[in-house]
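This is what each chain is made of:
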Amino acid sequence: MLFFMIFFCQVMHVLLRLTGTWQLISTTHESHESGIYPVPRYRSLFIPVGNQVVLHGGFTEFASALADTWLYDIRKNTWTEVKPAPFPEDLLAHGMHGGVLGKNHVFAYPKVLHQMWTYSLAANSWSHFNPTGTLPTLHPHMLFVQLTPLQCVFYGGLESKRAPTWIFNPSAVTWTSLDFDLSPYPRMGAAGVAANGLMYMYGGYSGKQFSDLWSFSPAAGWTLLDGSAAAGPRQFARLVHVPKQDALVVFGGDQLNDMWSYELQEQKWLSVQFIRQPNPRTQPNLVMINPDTALLFGGGLPPGNPNLVKFDKALNGLYRVKFSTITTSPTRTHSL
């Protein structure tokens, strides 16, 4: 009897998983010609500011750069194209990083060019600033995270070698380089987010896809939290922090649409299962609009041929997920 109980404990595992629901709140069937809905796109700016989200630029499925600016009203679930002062389209071909600058401003920084632009919601206009001091070499698909209002972290990128971690101050428009004995292998397409005074980085690609999770602070440097995470290897995934649960949530990546939650206090991964969920997509926008709710917008469906620049299809559906409605359920599995 004792042998049977030991054997049973060895072969039976009870895994906890989370179950939730995505809600499609704006559909792709609304008329683009009427100007009430943004055209499909990927790699765009999508930045929450108060009760609105600023959408700017991105690329169509044919890799054509977009220069439009939209405001999404979170409370009314409506889109408005604001048509601010012209924005230089030649910058858009490089893609943009961006974040919040002050109460009613966002900033945009081209991924490989040293020019910063700010957009004022009140004035509905773009302004241009040039950075000063020592400037880094910027690479496509660098990791970018706004750690604090005055600290934006840049790391890695396409074809990057071991290099400093760069801190960008969007208010002073200055750069500072930081060197550490320990740092992640340089990579492109990593996902990052700020939480509890730290930046977290997950995954990415450099000859292979990574499945490691790191934390970073300018004072302490880099710390490896998990070298082979349960969420598995992926690039161009999206990472958000859910304050209400104090968890990191990883969504998607190239040809993926799954979701994983990393509980920061317990340091464990949980799989999040959905009855219905968005299509697999790459380079979408996933942002938190309150401590419990995230919005997913856009992205591209990866082509069958990985060497193609354009995607088979760009997307513009807007989804919402409320994390407090996600429930925990046990799943029994047998080990062989």
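All of these numbers come straight from a predicted model, not from anything done at the bench.

1. Description of the overall build of the protein
Scanning the protein from terminus to terminus reveals two helices and 28 strands. For the protein, buried positions account for 51% of its 336 residues. By sequence separation, contacts in the protein at least 24 residues apart represent 50% of the contacts at least 6 residues apart. Accessible area of the protein: about 15900 Å², with a carbon and sulfur share of 54%.

2. Side note on unusual backbone geometry
At Asn 77, a position not held by glycine, the phi torsion is positive, near 55 degrees. Here Asn 77 lies in the loop between strand S5 (65–73) and strand S6 (78–81). The backbone phi angle of Gln 267 is positive, close to 55 degrees, even though this residue is not glycine. Following the sequence through the fold, Gln 267 ends up in the loop between strand S21 (256–263) and strand S22 (268–274).

3. Remarks on the pattern of salt bridges
As enumerated under the stated definition, the model contains four salt bridges in all. Between Asp 68 and Arg 41 there is a salt bridge, with its nearest N and O atoms 2.8 Å apart. Residue Asp 68 is found in strand S5, and its partner Arg 41 is found in the loop between strand S2 (23–26) and strand S3 (45–49); the two are separated by 27 residues along the sequence. Accessibility expressed as a relative area gives 16% for Asp 68, which makes it buried.

4. Observations concerning the sheet that holds S3
One open sheet holds the four strands; their spatial order is S3-S4-S5-S6, and the pairing between them is antiparallel. At either margin of the open sheet sits one strand with a lone partner, and together these are S3 and S6. Neighbouring strand axes in the sheet, compared pairwise and without regard to direction, differ in orientation by 25 degrees on average.

5. Overview of the pairing of strand S9 (residues 116–120)
The buried fraction of S9 is high, at five of five residues. Residues Met 116, Thr 118 and Ser 120 of S9 are buried on one face, and the alternating residues Trp 117 and Tyr 119, pointing to the opposite face, are buried as well. Pairing between strand S8 (residues 105–110) and S9: four bridges, direction antiparallel. Looking at the pairing, Phe 107 lines up with Thr 118 of S9. Where S9 and strand S10 (residues 125–129) come together, five bridges link them in antiparallel fashion. Within S10, the residue paired with Tyr 119 across the bridge is Trp 126. Linkage of S9 to S10, two consecutive antiparallel strands, is achieved through a turn of four residues, within which Asn 124 is found at a positive phi near 50 degrees.

6. So, the packing of aromatic side chains
Applying the stated criterion across every chain, the model contains 28 aromatic pairs. Considering the side-chain rings of Trp 22 and Phe 251, the 5.5 Å spacing of their centres and the 65 degrees angle between planes classify their relative orientation as edge-to-face. Of this pair, Trp 22 sits in the loop between strand S1 (12–20) and S2 while Phe 251 sits in strand S20 (residues 247–253), placing them 229 residues apart in sequence. A relative accessible area of 6% means that Trp 22 is categorised as buried. Consider the rings of Phe 168 and Trp 175, whose centres lie 4.8 Å apart with planes at 40 degrees: the pair is tilted. By relative accessible area, which is 0% here, Phe 168 ends up buried. Using a relative accessible area of 7% as the deciding quantity, one classes Trp 175 as buried. Through successive ring pairs, a cluster of aromatic residues spans Phe 107, Tyr 109, Phe 144, Phe 154, Trp 166, Phe 168 and Trp 175. Against the face of Phe 210 rests Arg 187, its NZ or CZ located 4.1 Å from the ring centre.

7. Here we look at the confidence of the model for the protein
Per-residue confidence for the protein gives a mean pLDDT of 82; residues scoring 70 or more make up 82%. The least confident element of the protein is helix H1 (residues 2–11), whose mean pLDDT is 36; the most confident is strand S16 (residues 198–202), at 98. For the stretch residues 29–34, pLDDT sits under 50, and the model shows nine contacts to residues farther than four places along the chain or on other chains. This stretch, residues 330–336, has a pLDDT under 50; its non-local contacts, to residues over four places away or in other chains, come to 19 contacts.

8. Some words on the sheet that holds strand S15 (residues 191–195)
Strand order in the open sheet made by the four strands is S15-S16-S17-S18, with antiparallel pairing throughout. With one partner strand each, in any of the chains shown, S15 and strand S18 (221–226) form the two edges of the open sheet. For this sheet, the mean angle separating the axes of adjacent strands, direction not counted, is 25 degrees. As defined by bridge partners, S15 adjoins S16 across five bridges and the pair is classed as antiparallel. Looking at S16, one finds that Ala 195 is bridged to Leu 198.

Conventions used here
Residues numbered from 1 in each chain as written. Predicted model: local features only at pLDDT ≥ 70, side-chain atom pairs only at ≥ 80, totals over all residues. Heavy atoms only, no water. Helix = DSSP H or I, 4+ residues; strand = E, 2+ residues; numbered from the N terminus. Buried < 20%, exposed > 50% of the residue type's maximum accessible area, 1.4 Å probe, protein only. Contact = heavy atoms within 4.5 Å. Areas by Shrake-Rupley, 256 points an atom, 1.4 Å probe, with all protein chains shown as cover. Salt bridge = Lys/Arg side-chain N within 4 Å of Asp/Glu carboxyl O. Pairing = 2+ DSSP bridges. Axes fitted to C-alpha atoms, helices over the stretch in contact; angles between N-to-C directions. Phe/Tyr/Trp six-rings, centres within 6.5 Å; stacked < 30°, edge-to-face > 60°. Lys NZ or Arg CZ within 6 Å of the ring centre and 35° of its normal. pLDDT = per-residue confidence, 0-100.

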